[in-house]
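# Topology and contacts: notes
The primary structure of each chain is shown beneath.
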Amino acid sequence: ATVPFLYANIQHDPLRDFAPISLMARGPQVLVVDPKLGITSVDQFLQFARKKDSRLTFSTAGSGSSSRLSMELFRTAAKFDTEFVSYKGGAPAVNAILGGHVTGMMASIGVVINQVKAGKLTALGVSSAGRRSPLLPAIAPLSETVPGFDAQSWIGLSVPSGTPRPVIDRLNASVVQA
């Protein structure tokens, strides 16, 4: 879904070349920071982030990753600046925080939940508007501080366009049943 907006020379058109079957999964991201900052709330984070000399750096799982795009949306909505450092995947991006090389990141909950529960990362907010995650029920949605903010990752199933409608319908029914 994001490829046409991120890259100039792609070989396909996702709207023309694929037919959707079903949404498979959707999940929020979580804003995490290095506990050494002493920041424990989104309000504290935004006060720190909006200072001219805050020098925030955020790791991402890659330039077009959901971690980068979610953080960019949050940065824009909450009106602060940061420097992004792209890594080749979620694990190296998390390791950059743990090693003290960057301030934090917006990450899939599954990527950071163990470090959050162990106190190695501080979770400040989840990116689903108005809904807490059952995986981190004590962490409030970022939308409580930045109204309207909602940035969730999703996974969809599709087939090449031109696939017969009965095949698409059968696949959809199977996904829904599963």
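First, a word on scope: everything that follows refers to the structure included in this document. If you're wondering where the values come from, they're calculated on a predicted model, not measured in any experiment.

### Remarks on the pairing of strand S2 (residues 57-60)
In S2, alternate side chains face the same way, and those of Thr 57 and Ser 59 on one face and Phe 58 and Thr 60 on the other are all buried. When S2 meets strand S3 (residues 83-86), the two strands line up parallel, connected through 4 bridges. The partner of Phe 58 across the bridge, within S3, is Phe 84. Considered for its hand, the β-α-β crossover made up of S2, helix H4 (residues 66-78) and S3 is right-handed.

### Describing the packing of helix H3 (residues 42-49) against H4
Direction vectors running N to C along H3 and H4 enclose 75 degrees, while the axes themselves pass 12 Å from each other. One element, H3, and the other, H4, form an angle in the roughly perpendicular class. On H4, the residues that touch Val 42, Phe 45 and Leu 46 of H3 are Met 71, Phe 74 and Ala 78. Tallied by class, the residues present in the contact of H3 with H4 amount to 6 nonpolar, no polar and no charged.

### Considerations on the packing of aromatic side chains
This model, assessed by the stated rule, comprises 5 aromatic pairs. Ring plane angle 65 degrees and centroid distance 5.9 Å describe the contact between Phe 74 and Phe 80, whose orientation is recorded as edge-to-face. Members of the aromatic cluster, connected to one another through ring pairs, are Phe 45, Phe 58, Phe 74, Phe 80 and Phe 149. Over the ring of Phe 84 we find Arg 68, and its NZ or CZ is 4.0 Å from the ring centre.

### A look at the side chain of Ser 67
With respect to the helices and strands, Ser 67 occurs in helix H4. Side-chain polar atoms of Ser 67 contact the backbone nitrogen of Ala 61, separated by 2.8 Å.

Rules used in this analysis
Every chain begins its residue count from 1, and numbering advances along the sequence as written. Restriction of local features to residues with pLDDT of at least 70 applies here, the model being predicted, together with a cutoff of 80 or more for giving and counting side-chain atom pairs; totals for whole chains, interfaces and linings are based on all residues. Working from all heavy atoms in the structure, the side-chain values ignore hydrogens and water. For every residue, the accessible area obtained with a 1.4 Å probe (protein chains only) is divided by the maximum for its type, and the residue is called buried under 20%, exposed over 50%, and partly exposed between those limits. Think of it this way: any DSSP run of H or I at least four residues long counts as a helix, any run of E at least two long counts as a strand, and we number them from the N terminus. Following DSSP output, two strands are said to pair if at least two bridges run between them. By definition, the crossover connecting two strands over a helix is right-handed if that path, from the first strand to the second, turns clockwise as seen with the strands pointing away from the viewer. Lines fitted to the C-alpha atoms define the axes, with helices restricted to the stretch that makes contact. Angles between their N-to-C directions range from 0 to 180 degrees. These descriptions rest on fixed angle ranges, namely under 35 degrees for roughly parallel, over 145 for roughly antiparallel, 65 to 115 for roughly perpendicular, and the rest for oblique. Contacts are assigned to residue pairs with any non-hydrogen atoms lying within 4.5 Å of each other. Gly counts as polar in this scheme, as do all residues outside two lists: the nonpolar Ala, Val, Leu, Ile, Met, Phe, Trp, Tyr, Cys and Pro, and the charged Asp, Glu, Lys and Arg. Ring pairs are drawn from Phe, Tyr and Trp, using the six-membered ring of Trp, whenever the two centres fall within 6.5 Å, and their geometry is named by plane angle: stacked under 30 degrees, edge-to-face over 60, tilted for the rest. Put simply, a charge is over a ring when the Lys NZ or the Arg CZ is close to the ring centre, within 6 Å, and near the line of the ring normal, within 35 degrees. Here a polar contact means two N or O atoms within 3.5 Å. Within protein one must be a hydrogen donor candidate and the other an acceptor candidate, and residues neighboring in sequence count only if both atoms are side-chain atoms.

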